Amino acid sequence: MTSEVKARAHANVALVKYFGKRDVPLNLPAAPSVSMTLSPLNTETVLSFADGVDDQVLLADVPAEEKFSRRISKYLNIFRDLSGNHRGVRVTTSNNFPTAAGLASSASGFAALAAGAARLFDVNMDIAQLSAMARRGSGSAARSVCGGYVLWHRGEKNDGTDSFAESVAPPEHWDLRILVGVTTTGPKEIGSTVAMERTRTESPYYNAWIKSAHGAAKEAVDAILKKDFEKLGDITEHSALAMHAAMMAAAPPIVFLKGTTLDVFHLARSLRKEGTAAYFTCDAGPQPKLLCQAKDADIIARQLRAFPGIKDVIHCAPAEGVRVETNTTTYCEK
Ligand code: PMV
């Protein structure tokens, strides 16, 4: 039996956003979404069986907070039930980027945990099943299982078996970059599930937002396959702004965007006017992100780094999918 498993998964940034659930406990999305899996942002998780039935969860080598540990244990129960093995697990996890700051640490975290736990508990899964399993930890984790450019299907079934992500193009298909502007490293003001549910029930724009996401996902995949950068950039910007518009229209409103975030959005527009193609996106946090082509990335990164309110810039490129190593084998999802 495998005694220790090490899993590594990268974060992802959605170009067409997921923001709305058709089922909360299973994290089933109301619409499809499209993302890029990103290097160097990753989570590394090491799992082994503990001596008793209790789990031990360490975050960056320090015992994790109770709430976080409980979430991990509840998630591991899925594997215990599937395998009939009810042993406790020792989980050591670390991110190479700030946790819970709108940089999707839950995506890489649950993708790594799902892949690692499947191997530790010896539960056989193909990539679609693994993605659907990661989804149950955090919706966007479904996408971090896969490498490169990724489509997460909405699916129709109530049990969620048809709501998984798949790679539509590998990392080497297209060398696009995402420049993450770090404005703050503090935790989120509101969790994504609460924000999505409030938007669903309290925003007059929710239905229009979900309707638009269906068409946007199709067009984004098409633009990725054809390497049509302007089209992909337009879709990316529009999806982010439509998502934020929907949540800002909820009562009470949800406003993740800060002054610096919006200023960087205007920076992208002025760069485009001057002939440099940069497009803006932003998730459930204030960090602005710029999508660009590799040839322009260094010059745009320099401008972003010098921008008032930006503390750091993380230069990201397309990454491979989840990788699992045991004492004897290595397995990587392209
Ligand atoms: O996976 P969650 O529940 O953290 O939701 C992520 C939602 C956004 O980051 C705002 C959008 C997305 O598609 O990643």
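This one's a predicted model, so the numbers in the text were calculated from it and none came from an experiment.

### Description of the overall build of the protein
The helix and strand tally for the protein stands at nine helices and 15 strands. Against the 2.2 N^0.38 benchmark of 20 Å for 334 residues, the protein shows a C-alpha radius of gyration of 19 Å, consistent with a compact globule. Considering only C-alpha atoms, the protein reaches an extent of 60 × 40 × 35 Å along its principal axes. Residue burial in the protein is summarised as follows: out of 334 residues, 56% are buried. Counting only contacts in the protein whose residues sit at least 6 apart along the sequence, the fraction spanning at least 24 positions is 75%. A total of about 14200 Å² of accessible surface is found on the protein, and carbon and sulfur atoms cover 50% of it. Charge separation in the protein, taken as the distance between the mean sites of 38 positive and 36 negative side-chain charges, equals 3 Å.

### Some words on the environment of Glu237
Checked against the element boundaries, Glu237 lands in helix α7 (residues 229–248). In the structure, Glu237 is positioned 76 residues away from Val313 in sequence and 19 Å away in space, judged by C-alpha atoms. Excluding its chain neighbours within four sequence positions, the residues that come into contact with Glu237 are Phe265, Ala268, Arg272, Ala278, Tyr279 and Phe280. Within polar-contact distance, the side chain of Glu237 engages the backbone nitrogen of Phe280 at 2.8 Å.

### Comments concerning the packing of helix α2 (residues 105–120) against helix α3 (residues 127–137)
Direction vectors running N to C along α2 and α3 enclose 125°, while the axes themselves pass 8 Å from each other. When the axis of α2 is compared with that of α3, the two are oblique. As α2 packs across α3, the resulting crossing turns out to be right-handed. Contacts from Phe110, Ala111, Ala114, Ala115 and Ala118 in α2 reach Leu130, Met133, Ala134 and Gly137 in α3. Partitioning the contact of α2 with α3 into residue classes produces eight nonpolar, one polar and no charged.

### Details of the pattern of salt bridges
Applying the stated criterion to the full structure yields 13 salt bridges. Arg70 serves as the salt-bridge partner of Glu66, at 3.7 Å between the closest nitrogen and oxygen. Linking Glu66 with Arg70, this pair stays in helix α1 (residues 66–83), spanning four residues, or about one helical turn. A salt bridge links Asp296 to Lys295, with the shortest nitrogen-to-oxygen separation between them at 3.3 Å. Among the residues examined, Asp296 registers a relative accessible area of 12% and is labelled buried. Linked through salt bridges whose partners overlap, the residues forming this network are Arg8, Glu320 and Arg323.

### A closer look at the site of the ligand
Neighbouring the ligand are 14 residues, the closest being Tyr18, Ser138, Ser140, Arg143 and Ser192. Here Tyr18 contributes a backbone N or O atom positioned 2.8 Å from an oxygen atom of the ligand. In the environment of the ligand, an oxygen atom lies 2.8 Å from a nitrogen or oxygen atom belonging to the side chain of Ser192. A per-class count over the shell around the ligand returns six nonpolar, five polar and three charged.

### Looking at the domain arrangement of the protein
Each assigned domain of the protein is listed here: domain 1 (4–173) and domain 2 (176–318). If you average the C-alpha positions of domain 1 and of domain 2, the two centres end up 23 Å apart. On the domain 2 side, the residues contacting the 32 residues of domain 1 number 47 residues. Sorting the residues of domain 1 by area buried against domain 2 places Leu15, Lys17 and Phe19 first, and these three jointly supply 24% of that buried surface. Taken together, domain 1 and domain 2 are joined by one salt bridge. For the salt bridge of Lys17 with Asp283, the shortest nitrogen-to-oxygen distance reads 2.8 Å. For the interface between domain 1 and domain 2, the tally reads nine residue pairs in polar contact (both at pLDDT 80 or more). Listed by contribution, the elements that provide at least two residues to the side of domain 1 that touches domain 2 are β1 (4–16), β4 (33–49), β8 (149–152) and β9 (165–169). In terms of residue count, the dominant contributor to the side of domain 1 that touches domain 2 is β4 (seven residues). Here the side of domain 1 that touches domain 2 is built from residues that sort into 24 nonpolar, five polar and three charged.

How each quantity is defined
Residues numbered from 1 in each chain as written. Predicted model: local features only at pLDDT ≥ 70, side-chain atom pairs only at ≥ 80, totals over all residues. Heavy atoms only, no water. Helix = DSSP H or I, 4+ residues; strand = E, 2+ residues; numbered from the N terminus. Rg over C-alpha atoms; globule rule 2.2 N^0.38 Å. Buried < 20%, exposed > 50% of the residue type's maximum accessible area, 1.4 Å probe, protein only. Contact = heavy atoms within 4.5 Å. Areas by Shrake-Rupley, 256 points an atom, 1.4 Å probe, with all protein chains shown as cover. Lys, Arg positive; Asp, Glu negative; His and termini not counted. Charge placed at Lys NZ, Arg CZ, Asp CG, Glu CD. Polar contact = N/O pair within 3.5 Å; in protein donor to acceptor, adjacent residues only side chain to side chain. Axes fitted to C-alpha atoms, helices over the stretch in contact; angles between N-to-C directions. Parallel < 35°, antiparallel > 145°, perpendicular 65-115°, else oblique. Left-handed = near helix turned anticlockwise from the far one by under 90°. Nonpolar A, V, L, I, M, F, W, Y, C, P; charged D, E, K, R; others polar. Salt bridge = Lys/Arg side-chain N within 4 Å of Asp/Glu carboxyl O. Near = heavy atom within 4 Å. Domains from an automatic or database assignment. Buried area = accessible area lost by both parts, 1.4 Å probe.

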